[in-house]
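What follows is each chain in one-letter form.
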Amino acid sequence: QVQLVESGGGLVQAGGSLRLSCAASGSIFSIDAMGWYRQAPGKQRELVAMLTSSGIINLADSVKGRFAISRDNAKNTVYLQMNSLKPEDTAVYYCNADVFAYRAYGATSFWGQGTQVTVSS
């Protein structure tokens, strides 16, 4: 079974930075899209950043210019560098990956357990 494990969350002051990491492990042949969603209290889960295996990046307008996404394909790991953090960035951040398992004919979307990011004013 595929597992996604996030790390790097925490409590920071506004204007600070955090770097989230998500490592995928298990029966993985390849990973197409890999990235991050977040869910703030009382709000729907939203896309933050996604990076495909071909290099296509989808970044939420609210984080453009502040966040950057990158991947280390050899380690099946995706990173989210978050700079100039704002209180409205406070949310649980979830790693997501579309994974092709060995002997599978299609991709399956997997989610991490989430890591809390809290930005104080």
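Along each chain, residue indices are assigned from 1 in the same order as the chain's sequence is written. Local features in this predicted model are restricted to residues of pLDDT 70 or higher, and side-chain atom pairs are both shown and tallied only at a pLDDT of 80 or more, whereas totals for entire chains, interfaces and linings draw on every residue. As a convention, hydrogens and water are excluded, and side-chain values are obtained from all of the structure's heavy atoms.

Caption draft 1: View of the sheet that holds strand S8 (residues 77-82). In short, DSSP must find at least two bridges between two strands for them to pair. Strands here mean DSSP runs of E at least two residues long; helices mean DSSP runs of H or I at least four residues long; both are numbered from the N terminus. A sheet is described by the order of its strands in space; here four strands give the open sequence S1-S3-S8-S7, paired in antiparallel fashion. Each end of this open sheet is capped by a strand with a single partner; those strands are strand S1 (3-7) and strand S7 (67-72). Across the sheet, the axes of successive neighbouring strands diverge by a mean angle of 15°, strand direction being ignored. For S1 and strand S3 (residues 18-25), the ladder comprises five bridges, and the chain directions are antiparallel. Opposite Gln-3, over in S3, you have Ser-25 as the bridge partner. Interaxial angle, 0 to 180 degrees, is taken between N-to-C directions of lines fitted to C-alpha atoms, where a helix line uses only the stretch in contact.

Caption draft 2: Spatial organisation of the state of the cysteines. Only a pair of cysteine sulfur atoms within 2.5 Å counts as a disulfide in this structure description. This structure, assessed with the given rule, holds one disulfide. Between the sulfur atoms of Cys-22 and its disulfide mate Cys-95 the distance is 2.0 Å. Around the S-S axis, the bridge from Cys-22 to Cys-95 shows a dihedral of about -85° and counts as left-handed. Taken together, the residues Cys-22 in strand S3 and Cys-95 in strand S9 (residues 91-100) connect sequence positions 73 residues apart. Buried residues are those whose accessible area, probed at 1.4 Å on protein chains only, stays under 20% of the maximum for their type, while exposed residues exceed 50% and partly exposed ones sit between those limits. You can call Cys-22 buried: its relative accessible area is 0%.

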